[in-house]
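Below, each chain spelled out in residue letters.
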Amino acid sequence: MTDSELRQLIESNARAIQALLDARAEERMEFQAFQERITRLDDVVERLTNLQVGISRMLASLDEDRPTVLRKLNAIEGKVDRLLEQSDRADNL
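Before going into details, it helps to say that this report is about the structure given with it. (Residues numbered from 1 in each chain as written. Predicted model: local features only at pLDDT ≥ 70, side-chain atom pairs only at ≥ 80, totals over all residues. Heavy atoms only, no water.)

Let's talk about the overall build of the protein
Broken down by element type, the protein carries two helices and zero strands. What you see for the protein is a C-alpha radius of gyration of 37 Å, clearly larger than the 12 Å of a compact globule of 93 residues, by over 25%. In terms of overall dimensions, the protein has a C-alpha envelope of 120 × 30 × 10 Å along the principal axes. Going through the 93 residues of the protein one by one, you find that 0% of them count as buried. For the protein, the accessible surface area stands at approximately 8800 Å², while carbon and sulfur atoms represent 58% of it. (Helix = DSSP H or I, 4+ residues; strand = E, 2+ residues; numbered from the N terminus. Rg over C-alpha atoms; globule rule 2.2 N^0.38 Å. Buried < 20%, exposed > 50% of the residue type's maximum accessible area, 1.4 Å probe, protein only. Areas by Shrake-Rupley, 256 points an atom, 1.4 Å probe, with all protein chains shown as cover.)

See below:
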């Protein structure tokens, strides 16, 4: 192998190594960006969880403080059912 061929081989290897290093550096940057996105998503999930807990607590306190529409409707339904049962019993007598 001549000096010229050896130099070409060394330059070729150096370019290949540099390309690999550049690709690795780019992959590292992409991975860091990915980790940052994951961290932001974790933060969003945590905030959403806190929001959901807060809404659940608020709804529970509303339910405890005053009757909700659903509870009122259930009470009305129960009264109507009792009236219908009384009416059925009266018709059967």
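Considering a nonpolar patch on the surface
Together, Val44, Leu48, Leu51, Ile55, Met58 and Leu59 line one region of the surface with nonpolar side chains, adding up to about 540 Å² of accessible area. Relative to the assigned elements, Ile55 resides in helix H1 (residues 3-65). By relative accessible area, Ile55 is classed as partly exposed at 39%. (Patch = residues over 30% accessible without salt bridge, like charges linked within 9 Å, V, L, I, M, F, W, Y side chains within 5 Å. Salt bridge = Lys/Arg side-chain N within 4 Å of Asp/Glu carboxyl O.)

Details of a negative patch on the surface
On the surface, Asp22, Glu26, Glu27 and Glu30 cluster together into a negatively charged patch. Relative to the elements of secondary structure, Asp22 occurs in helix H1. Note on Asp22: relative accessible area 44%, which makes it partly exposed. (Lys, Arg positive; Asp, Glu negative; His and termini not counted. Charge placed at Lys NZ, Arg CZ, Asp CG, Glu CD.)

Observations regarding the pattern of salt bridges
Taken as a whole and judged by the stated rule, the model has one salt bridge. For the salt bridge of Glu85 with Arg89, the shortest nitrogen-to-oxygen distance reads 3.7 Å. Linking Glu85 with Arg89, this pair stays in helix H2 (residues 69-92), spanning four residues, or about one helical turn.

Structural measurements only, silent on function.
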